[in-house]
Amino acid sequence: MPVVHEHSERMKKFKNKGKDTAALRRQRVEVNIELRKAKKDEQILKRRSISIVSLEKSPSPAEEKNTIAPLSLEEIVEAVNGSNTSLQLQATQAARRILSRQKDPPLNQIIELGIIPRLVEFLSRTDNATLQFEAAWALTNIASGTSEHTRAVVEGGAIPAFISLLSSPHMHISEQSVWALGNIAGDGPLYRDALINCNVIPPLLALVSPVTPVGFLRNITWTLSNLCRNKNPYPPLQAVRQLLPVITCLLEHKDKDIVSDSCWAVSYLTDGSNDRIQIVVDTGILPRLVELMGSPEMIIMTPALRAIGNVVTGTDEQTQAAIDAGVLPVLPLLLRHTKPAIQKEAAWALSNIAAGPCQQIQQLITCGLLQPLVELLDKGDFKAQKEAVWAVANLTTGGTVEQVVELVQSGVLKPLLNLLLAKDSKTILVILDSISNLFLAAEKLGETERLCLLVEELDGLEKIEALQTHDNNMVYRAALNIIEKYFSGEVRELLLLLI
Amino acid sequence: MFVTDCRREFYDVIVSQRVLLLVASDVDALCACKILQALFQCDHVQYTLVPVSGWQELETAFLEHKDQFKYFVFINCGANVDLLEILQPEEDTYFFVCDSHRPINVVNVYNETQVKLLVKQGDDLDVPAYDDIFRDEEDEEELSEDESDGSEPSDKRRRFEEEVIERTARRRQRREWEARRREILFDYEQYEYHGTSSAMVMFDLAWIMSKDLNDMLWWAIVGLTDQWVQDKITQMKYVTDIGVLQRHVSRHNHRNEDEENSLSIDCMRIAFEYDLRLALYQHWSLYESLCNTSYTSANLKLWSVQGQKRLQEFLADMGLPLKQVKQKFNSMDMSLKENLREMIEESANKFGMKDLRVQTFSIHFGFKNKFLASDIVYATASLMESIEKEGPETTNFIKALDSLSRGNLDKLHQGLDLAKKQLCAIQQTVASCICTNLVISQGPFLYCSLMEGMPDVKLFSKPVSLCLLSKYLLKSFVCSTKNKRCKLLPLIMAAPMDVEQGTVIMVGIPPETESSDKKNFFGRAFEKAADSTNSRTLHNHFDMSIIELKTEDRSKFLDALISLLS
């Protein structure tokens, strides 16, 4: 019998497909397949790390193709400074190629050649579009480096040259100029304002039209966003007023990259004092931003959320405008988002809305935000939890007694008390503050004892007592304060009496 | 990865560990195993030996032992498949692979951590370059990553060389690269062949560590001779390796070189010989050996009356009386034996057998025991595939392994007897296949199928015996056929394997030509044919050109093979 059995076992292993032994084995070890895949990838990674050196040495075929007759740096200098137009072009092209290779472009070396002023000169050679283009590209790439590199380009006189090239009849040249100007604007407020003072905005905005190709428009949008970017100082209000209508238009575009960069522009503009927020609110784009906040595309959702988050840091009216635009129903989704960064940003916005008057708090409650808030406190990413704690504190500070009761009924106490175990003193202080606020509300209702029991039941008293030994003096005092006020004297006596 | 310093990266690593030895069922593997065992014995290494006859057994053995062992040594198995893929070892498990099967799987070659290949340095491997077959997937990752996260846009951006054009160019490049990769891998994996004998690799290790003994050297010789007898390597490779071993032989055996009286009961002496390639002739009669050696039998066409006549003429030419020739070689007249090799060679030349003598080695031990390396190979191989069932599956393996030790003369003699039976059976089967025209040309290859009920057919359900038969048959067929085209064809041979289950064992061998590179494309072809016809095949053997197949699927499988190779 065992022999027969052995045979049938053996026959089972005859597979219908003759492919290879591996296919046969898959049956037996099915469960582990996923695991093995992962392991194999890892092994490939390991292999990869070993051979990386040899990989780097050999240039890619594409690079090889492009450097058929590479010029030396000396040859480039000579030709660029020479008077032979075709050699100038050849050398500029060579420089551009060196600057656009993937790995370690020699920015410093090129700058040290001292050819930037010549390249800037070439920008105005309207008789030779190819030369203009190559020079523009080369300068773009130099300006893409560190501040030093960008400065070399600006000091070579590139700003006016590029601005006038914006209106070049050749689209690829004007696009390249947009790109270069974007790099200069992105360097910081100084060059940004230098550009604005050179009147970059009108010709730039003139490029935006319904027929502008998407790729070009992306570059324009990005450059516009860089003109809105950076503080200390903020971009001039006049410039912002010029830019906003076009940005508002771009927010409606179909292309997600354009929408994303427009959102970022708005987020920069709202990241400031209330009067700057007001300018944005006045354009009426908040409903669109709220809509974009719910986009499935991370690259759109993130900046839209940030912009709205900035708006609700503003005045009560500005916050109300955001609420009116429908921000509250969108927030639960974002509070429950898988990405911690989104959770955090959403909780931050929520905390700012909770800091408003009780009508706004009521709207917040009505829109069902307490539940996701409690969930976030319970299970969220720690940074998001910290923001959520702030939301609770703000709500307990500004909310009516009824609103606070509603918060407690949503189950906020348990996760809130659990967070007392956090390492961060600031967070602990905010929680203790919130607890004090809860007790104040309880006092008004005559429910202090009930709250005491609730806190004890949830092991909160234990945690608060433990905080009396906390290193941070403020924490210690806040904890002591709560205990003396609500958990000493009468309550204890009462408990003793019961025993 | 390839081990460059066998001692440091292999032996020193395992010497302090518990080791599992997985040894394939071929004579070279046994010899390599013997050498390693001897080393292990010197250094008190704890090891467990598990014979494995195919991938299934290999895998089972691994699964059974993977919890107790972290260090595995594979002998003559494992190199030509992706071991990590089929065995899924834990990360702290290490595979040391000493295997003559080629081509070596590229993942085994380029895995830097767990798979260590013990391969003779200088072996021509032609492994594709890493960059030609592995490629980082960063390009795609970059693109998709950019899109998924919502981080702030960069404040400055560099414009790269023709971004859009480059992206499509990159995509095109990638497609081209993939096509090229397929081509490279196809070229690399297309042919199966064998590299330096594992026994020789192990002997090298022993030698490097100055732990080589004459016994080990003999096993290395037998390992190499096995490759030659099984026709696994080219004549060129054989002669080169013989040269390598000859240096070791003179180093180990120079002491008694010119002393006639050096024989003693425990002496052991290895000598280089330019001897007759007549199978087992010193333990048989010259006549029987002539009849049952493939070389002489094929060249003289002994299956025909004509051929038998030629044999008589041949013997007459040498001036050897039939009576002498037919009695045991040991009992032949000393006077006849004196210049026997030269005499036979001279006559053989006249009969078109120019290569009747080959470079080989002999071993003497005790007073009367003398063997040629090929004697040992035949004996050991026969023991391993003995069909006389006794005890568990591993009995044959252990017996064969033991027969390699000097102390086990009785087993060796038992093996010699079996080998003679095997050679006779092969010769008779070859004769009957040729006489009844069982070898048919299928176009791209010759095909011969043994029928159930033929004498000795059971013997040929074993892979090594079937391969040997195939090779002898092809040689004889090439000598017998007048069709010039057929002389250049490879041969596929099938034999009943398990009647109850209705399966056949099938082996494909490369063409029998003077300049044959011994490379075999049937492994891949079998896989493809099985794949395209959904034939029920089992690719279990370490040689991919040996498969098991359901008898009912045979015709569609062959049809697919014909159209594939035409």
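Only a predicted model underlies this, so the values are computations on that prediction, with no experimental measurement involved.

**Comments concerning the overall build of chain A**
Next, step 1: What chain A contains, in helices and strands, is 33 helices and zero strands.
Next, step 2: Burial statistics for chain A: of 499 residues in total, 51% are counted as buried.
Next, step 3: Contacts spanning at least 24 positions in sequence make up 69% of the contacts within chain A whose residues lie at least 6 apart.
Next, step 4: A total of about 23400 Å² of accessible surface is found on chain A, and carbon and sulfur atoms cover 55% of it.

**Side note on the overall build of chain B**
Next, step 1: Along the backbone of chain B there are 23 helices and 16 strands.
Next, step 2: Relative to its full complement of 566 residues, chain B shows a buried share of 58%.
Next, step 3: Split by element, the accessible area of chain B, about 24100 Å² in all, is 49% carbon and sulfur.

**Concerning the nonpolar core**
Next, step 1: Leu227, Val327, Leu331 and Ile435 of chain A are the most contacted members of the largest nonpolar core, which totals 157 residues.
Next, step 2: The residues contacting leucine 331 of chain A, other than those within four sequence positions of it, are Met293, Ala346, Leu350, Ile353 and Leu369 of chain A.
Next, step 3: Membership of the second largest hydrophobic core comes to 149 residues, among which are Ile14, Ile184, Met209 and Ala379 of chain B.

**Structural notes on the pattern of salt bridges**
Next, step 1: Evaluation of the coordinates by the stated rule reveals 44 salt bridges over all chains.
Next, step 2: The salt bridge partner of arginine 306 of chain A is glutamate 345 of chain A, with a shortest N-O separation of 3.6 Å. In this pair, arginine 306 of chain A is assigned in helix 20 (residues 298-311) and glutamate 345 of chain A in helix 23 (residues 340-354), connecting sequence segments 39 residues apart.
Next, step 3: The closest approach of N and O atoms between lysine 518 of chain B and aspartate 231 of chain B, which form a salt bridge, is 2.9 Å. Taken together, the residues lysine 518 of chain B in the loop between strand 14 (503-509) and helix 22 (522-533) and aspartate 231 of chain B in the loop between helix 10 (214-229) and helix 11 (235-253) connect sequence positions 287 residues apart.

**Things to note about helix 16 (residues 237-250) of chain A**
Residue and element names in this part refer to chain A.
Next, step 1: Given a rise of 1.5 Å per residue, 14 residues ought to cover 20 Å, and the 20 Å separating the end C-alpha atoms of helix 16 matches this to within 8%.
Next, step 2: At leucine 244, helix 16 shows its maximal bend, which comes to roughly 30°, and the proline proline 245 appears one to four places after that position.
Next, step 3: The set of residues buried in helix 16 consists of Ala239, Val240, Leu243, Leu244, Val246, Ile247, Thr248 and Leu250.
Next, step 4: Buried-residue contacts for helix 16 involve helix 13 (189-197), helix 14 (201-206), helix 15 (214-228), helix 17 (256-270) and helix 18 (274-282).

**Here we look at the sheet that holds strand 8 (residues 268-276) of chain B**
All names here are of chain B.
Next, step 1: Pairing is antiparallel across the open sheet formed by three strands, whose spatial order is 8-9-10. Each edge of the open sheet is held by one strand with a lone partner, namely strand 8 and strand 10 (369-372). Between one strand and the next, the sheet's axes are offset by a mean angle of 25°, whatever the strand orientation.
Next, step 2: In the sheet, strand 9 (residues 357-365) pairs with strand 10 via four bridges, with the strands oriented antiparallel. In the sheet register, isoleucine 363 faces strand 10, and the bridge partner there is phenylalanine 371.
Next, step 3: The sheet strands contacting helix 11 are strand 8 and strand 9, and the helix crosses strand 9 at an angle near 30°.
Next, step 4: The strands that helix 17 (residues 340-350) touches are strand 8 and strand 9; relative to strand 8, the one it contacts most, it runs at about 25°.

**Quick look at the confidence of the model for chain B**
Residue and element names in this part refer to chain B.
Next, step 1: Of all residues in chain B, 94% attain a pLDDT of 70 or more, and the chain-wide mean is 90.
Next, step 2: For residues 139-147, every residue scores under 50 in pLDDT, and the model assigns this stretch five contacts once sequence neighbours within four places are set aside.
Next, step 3: Confidence estimates for the predicted assembly give a pTM of 0.59 and an ipTM of 0.71.

**As for unusual backbone geometry**
Next, step 1: Cis geometry marks the peptide bond from asparagine 232 of chain A to proline 233 of chain A, where omega comes out at -5°.
Next, step 2: Inspection of the secondary structure assignment puts proline 233 of chain A in the loop between helix 15 and helix 16.
Next, step 3: Across the junction of arginine 102 of chain B and proline 103 of chain B, the peptide omega takes the value 0°, indicating a cis bond.
Next, step 4: Structurally, proline 103 of chain B can be placed in the loop between strand 5 (101-102) and helix 5 (106-110).
Next, step 5: Of note, the phi angle at asparagine 232 of chain A is positive, near 55°, even though the residue is not glycine.

**What about the side chain of serine 449 of chain B?**
Residue and element names in this part refer to chain B.
Next, step 1: Mapping serine 449 onto the fold places it in strand 12 (residues 446-449).
Next, step 2: Of the polar contacts made by the side chain of serine 449, one reaches the side chain of arginine 554; its length is 3.0 Å.
Next, step 3: Excluding residues within four positions of it along the chain, serine 449 makes contact with Leu438, Ala494 and Arg554.

**Observations regarding the packing of helix 12 (residues 171-185) of chain A against helix 15 of chain A**
Residue and element names in this part refer to chain A.
Next, step 1: Between helix 12 and helix 15, the shortest axis-to-axis distance is 8 Å and the interhelical angle comes to 25°. One way to sum up the angle between helix 12 and helix 15 is to call them roughly parallel. Judged by the twist between their axes, the crossing of helix 12 over helix 15 is left-handed. Residue-level contacts link Met171, Ser174, Glu175, Val178, Trp179, Leu181, Gly182, Asn183 and Ala185 of helix 12 to Gly215, Phe216, Asn219, Ile220, Trp222, Thr223, Asn226 and Leu227 of helix 15.

**Remarks on the UniProt feature "repeat: ARM" (unreviewed entry) in chain A**
Residues and elements named next belong to chain A.
Next, step 1: Under the local residue numbering, the UniProt record ascribes the feature "repeat: ARM" (unreviewed entry) to residues 114-157, 157-185, 284-326 and 368-396.
Next, step 2: As a span, residues 157-185 carries 79% helix and 0% strand, and end to end its C-alpha atoms are 15 Å apart.
Next, step 3: Along residues 368-396, the helical share is 86% and the strand share 0%, with 17 Å between the first and last C-alpha atoms.

**Regarding helix 25 (residues 370-379) of chain A**
Next, step 1: Listed in full, the buried residues belonging to helix 25 of chain A are Leu370, Pro372, Leu373, Val374, Leu376 and Leu377 of chain A.
Next, step 2: Looking at the buried positions of helix 25 of chain A, the neighbouring elements they touch are helix 22 (327-335), helix 23, helix 24 (358-366), helix 26 (382-398), helix 27 (401-409) and helix 28 (413-418) of chain A.

**Some thoughts on the environment of tryptophan 137 of chain A**
Next, step 1: Relative to the helices and strands, tryptophan 137 of chain A resides in helix 9 (residues 129-143).
Next, step 2: Residues tryptophan 137 of chain A and tryptophan 179 of chain A, spaced 42 residues apart in sequence, show a C-alpha to C-alpha distance of 8.7 Å.

**Quick notes on the environment of glutamine 362 of chain A**
Residues and elements named next belong to chain A.
Next, step 1: Among the secondary structure elements, glutamine 362 is positioned in helix 24.
Next, step 2: Separated by 41 residues in the primary sequence, glutamine 362 and glutamine 403 place their C-alpha atoms 7.2 Å from one another.
Next, step 3: Within the local environment of glutamine 362, its side chain forms a polar contact with the side chain of glutamine 403, the two groups lying 3.0 Å apart.

**Here we look at the confidence of the model for chain A**
Residues and elements named next belong to chain A.
Next, step 1: Residues of chain A with pLDDT of at least 70 account for 84%, and the chain-wide mean is 84.
Next, step 2: Here helix 2 (residues 21-28) stands out as the least confident element of chain A, with mean pLDDT 31; helix 19 (residues 286-293) is the most confident, with 96.
Next, step 3: Every residue in residues 1-68 scores below 50 in pLDDT, and together they form 93 contacts with partners more than four places removed in sequence or on other chains.

**With respect to the packing of aromatic side chains**
All names here are of chain B.
Next, step 1: Counted according to the given criterion, the structure contains 28 aromatic pairs over all chains.
Next, step 2: Cluster of aromatic residues (ring-pair linked, three or more members): Tyr191, Phe445, Phe521, Phe522, Phe526 and Phe557.
Next, step 3: Of note, lysine 326 hangs over the ring of tyrosine 287, and the distance from its end group to the ring centre comes to 4.4 Å.

How each quantity is defined
- Residues numbered from 1 in each chain as written.
- Chains lettered and ligands numbered in written order.
- Predicted model: local features only at pLDDT ≥ 70, side-chain atom pairs only at ≥ 80, totals over all residues.
- Heavy atoms only, no water.
- Helix = DSSP H or I, 4+ residues; strand = E, 2+ residues; numbered from the N terminus.
- Buried < 20%, exposed > 50% of the residue type's maximum accessible area, 1.4 Å probe, protein only.
- Contact = heavy atoms within 4.5 Å.
- Areas by Shrake-Rupley, 256 points an atom, 1.4 Å probe, with all protein chains shown as cover.
- Core = buried A, V, L, I, M, F, W, Y, C linked by side-chain atoms within 4.5 Å.
- Salt bridge = Lys/Arg side-chain N within 4 Å of Asp/Glu carboxyl O.
- Expected span 1.5 Å × (residues − 1).
- Bend = angle between axes of the 7 residues up to and from the residue.
- Pairing = 2+ DSSP bridges.
- Axes fitted to C-alpha atoms, helices over the stretch in contact; angles between N-to-C directions.
- pLDDT = per-residue confidence, 0-100.
- Polar contact = N/O pair within 3.5 Å; in protein donor to acceptor, adjacent residues only side chain to side chain.
- Parallel < 35°, antiparallel > 145°, perpendicular 65-115°, else oblique.
- Left-handed = near helix turned anticlockwise from the far one by under 90°.
- UniProt positions renumbered as here; feature names shortened; annotations may be inferred.
- Phe/Tyr/Trp six-rings, centres within 6.5 Å; stacked < 30°, edge-to-face > 60°.
- Lys NZ or Arg CZ within 6 Å of the ring centre and 35° of its normal.

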